[in-house]
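Coordinate analysis (summary)
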Amino acid sequence: MALTFHPLHALFVAEAGPLDLTQVRDEATLDQIRAGMDQYGVLVFHDQPFTDAEHLAFAQRFDGELHAKTGISTLTKNKFGNEALTDISNLDENGDILDTDDRRRMYQLGNRLWHTDASFQDPPGRYSMLHAKIVPPVGADTEFADMRAAYDALPEDLQGQLEGLQAHHSIAYSRQTLGFEFSAEEAEKLKGAVHPLIRTIPGSGRKSTYLASHAFMIIGWPVPEGRLMLRDLIDHGTQPQFVYRHHWRVGDLVIWDNRATMHRGRPFEDRKYRRDLRRVTTLDLPRPVLSERKGAEAAVGA
Ligand code: OGA
Ligand code: MN
């Protein structure tokens, strides 16, 4: 059946389908989805029956190498035994809801800050693919903001001023703003990475403000001045006209371009309702050619 995109917002985000992504292997269809990502920045696929292995395999077919140096991996062992599969749930290894003051819960609360995935690493994240296994009967939504539209709406003189600047991103910083404490050893592993503040996304040629709550300074600027500018840019880019709110259904796979968008989780009664989502993120590296990808997929396969 032909793949179609149905826009869900005036600026970005589309519902894509009908497709069972576990079965999509041909380059022509994968290219159509990539083109959709360049146009919309966020794609929503409903009713995806992924197992964890199929989720990992699809991410590699679609976009190449996987991000495995997550922030949480410095704190705790991955529940699934694979650091490329990030646990976005409020459940422990027995499926029980995490205690109020569980350190994993405290750390995950940082996802409620506006951010892009893996901007504290180099290479950073490109596409994130979040799959919903269990969703609460209440909100527990995720919001996305279009950083291309946000860039386009900046005054021209400010666009000029920002060109060529770089920001330092650290996940330890964004967590510390919430009062989360790291040991010296953990902090040492989470020093972060430096990335351009303005990015051009190759597939669309569009520019975006590459921001996250992880960004704590602009290189070469006095720290407070950089921090104020970053804060202003996040405030600007997350105004209601740039924001789409996703209400999850079980089986949804949402793919977003971390170069073009920011996102954040919304609060819900996470001590009362179970929520189980799993994320795979690819690295912003040149996409390997098909033959190289086949080998990589076999390696993760099981
Ligand atoms: C993520 C994330 C927010 C949410 O998966 O990267 O930030 O709503 N999730 O769970
Ligand atoms: Mn995230």
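Preceding this paragraph is the structure being described.
Let me begin by describing the structure that accompanies this report. (Residues numbered from 1 in each chain as written. Chains lettered and ligands numbered in written order. Predicted model: local features only at pLDDT ≥ 70, side-chain atom pairs only at ≥ 80, totals over all residues. Heavy atoms only, no water.)

1. Re the overall build of the chain
Looking only at helices and strands, the chain features 9 helices and 15 strands. The principal-axis extents of the C-alpha atoms in the chain amount to approximately 50 × 45 × 40 Å. A burial count over the chain gives 56% of its 302 residues as buried. Long-range pairs, those at least 24 residues apart, make up 81% of the contacts in the chain with a sequence separation of at least 6. Accessible surface for the chain amounts to roughly 13,100 Å². Of this, 52% is attributable to carbon and sulfur atoms. (Helix = DSSP H or I, 4+ residues; strand = E, 2+ residues; numbered from the N terminus. Buried < 20%, exposed > 50% of the residue type's maximum accessible area, 1.4 Å probe, protein only. Contact = heavy atoms within 4.5 Å. Areas by Shrake-Rupley, 256 points an atom, 1.4 Å probe, with all protein chains shown as cover.)

2. Notes on helix 2 (residues 52-63)
An ideal rise of 1.5 Å per residue puts 16 Å on 12 residues; helix 2 measures up with 17 Å between its terminal C-alpha atoms. With 9 of its 12 residues buried, helix 2 lies for the most part within the structure. All buried positions along helix 2 are accounted for by H55, L56, A57, F58, A59, Q60, R61, F62 and D63. (Expected span 1.5 Å × (residues − 1).)

3. A short note on the packing of aromatic side chains
A complete count under the given rule lists 9 aromatic pairs for this structure. Ring centres 5.6 Å apart and planes at 75 degrees place the aromatic pair Y107 and F180 in the edge-to-face group. With Y107 in helix 3 (residues 103-108) and F180 in the loop between helix 6 (171-176) and helix 7 (184-189), the pair connects residues that are 73 residues apart, well separated along the chain. Of the two residues, Y107 and F180, neither departs from the other in class, the shared state being buried. Ring geometry for F144 versus W256: centroids 5.2 Å apart, planes at 55 degrees, classification tilted. (Phe/Tyr/Trp six-rings, centres within 6.5 Å; stacked < 30°, edge-to-face > 60°.)

4. Thoughts on helix 8 (residues 223-237)
In a regular helix each residue adds 1.5 Å, so 15 residues correspond to 21 Å; helix 8 covers 21 Å between its end C-alpha atoms and thus fits that length. Within helix 8, burial applies to G226, M229, L230, L233, I234, H236 and G237. Angular distribution of buried residues about the axis of helix 8 spans 160 degrees; they occupy a single face of the element. Of the exposed residues in helix 8, those oriented more than 90 degrees away from the buried face are P224, L228 and R231. In this fold, the buried residues of helix 8 make contact with strand 6 (142-146), helix 4 (147-152), helix 5 (156-162), strand 7 (166-169), strand 11 (215-218) and strand 14 (261-265). (Arc of directions from axis to C-beta.)

5. A short note on the pairing of strand 14
The element strand 14 is largely enclosed, with a buried count of 5 among its 5 residues. Neither face of strand 14 is exposed, since T261, H263 and G265 on one face and M262 and R264 on the opposite face are all buried. Direction of pairing for strand 6 relative to strand 14: antiparallel, over a ladder of 5 bridges. Residue pairing across strands places E143 opposite R264, the latter belonging to strand 14. (Pairing = 2+ DSSP bridges.)

6. Regarding the sheet that holds strand 14
One open sheet holds the 3 strands; their spatial order is 12-6-14, and the pairing between them is antiparallel. Each of the sheet's edge strands pairs with one partner strand only, and the pair in question is strand 12 (243-246) and strand 14. Averaged over all pairs of adjacent strands, the angle between strand axes in this sheet comes to 20 degrees, irrespective of strand direction. (Axes fitted to C-alpha atoms, helices over the stretch in contact; angles between N-to-C directions.)

7. Some points on the coordination of the manganese ion (ligand 2)
Those protein atoms acting as donors to the manganese ion (ligand 2) are H115 (NE2), D117 (OD) and H263 (NE2), and they sit at 2.1 to 2.2 Å. Sequence spacing of the donor residues for the manganese ion (ligand 2), all on one chain, is H-x1-D-x145-H. Residue class for H115 comes out buried when judged on its relative accessible area of 4%. (Donors = N, O, S within 2.8 Å, 3.2 Å for Na, K, Ca; no water.)

8. Notes on the site of ligand 1
Lining the immediate environment of ligand 1, one finds I88, N111, H115, D117, L130, D141, T142, W256, H263, G265, R275 and R279. Between ligand 1 and H263 there is a distance of 3.1 Å, counted from an oxygen atom to a side-chain nitrogen or oxygen. Within the side chain of R275, one N or O atom sits 2.8 Å away from an oxygen atom of ligand 1. Burial of ligand 1 by the protein chains amounts to 98% of its free accessible area of 290 Å². Placement of ligand 1 is best described as lying within the largest cavity. The residue makeup of the shell around ligand 1, split by class, is 3 nonpolar, 5 polar and 4 charged. (Near = heavy atom within 4 Å. Polar contact = N/O pair within 3.5 Å; in protein donor to acceptor, adjacent residues only side chain to side chain. 1 Å grid on protein atoms, 1.4 Å probe; cavity = no way out; pocket = protein on both sides within 12 Å on 5 of 7 lines; lining within 4 Å. Sits in = over half its atoms within 2 Å of the grid points. Nonpolar A, V, L, I, M, F, W, Y, C, P; charged D, E, K, R; others polar.)

9. Observations concerning the sheet that holds strand 13 (residues 253-257)
Read across the open sheet, the 7 strands follow the order 1-2-3-13-5-15-4; overall the sheet is mixed. This sheet does not close on itself; its edge strands, each paired only once, are strand 1 (4-7) and strand 4 (86-89). Strand-to-strand, the axes of this sheet are offset by a mean angle of 25 degrees, without reference to chain direction. As defined by bridge partners, strand 2 (residues 14-17) adjoins strand 3 (residues 42-45) across 2 bridges and the pair is classed as parallel. Following the sheet pairing, A14 is matched in strand 3 by L43. Against the sheet, helix 1 (residues 27-40) touches strand 1, strand 2, strand 3, strand 5 (125-134) and strand 13, its axis set at about 130 degrees to strand 3.

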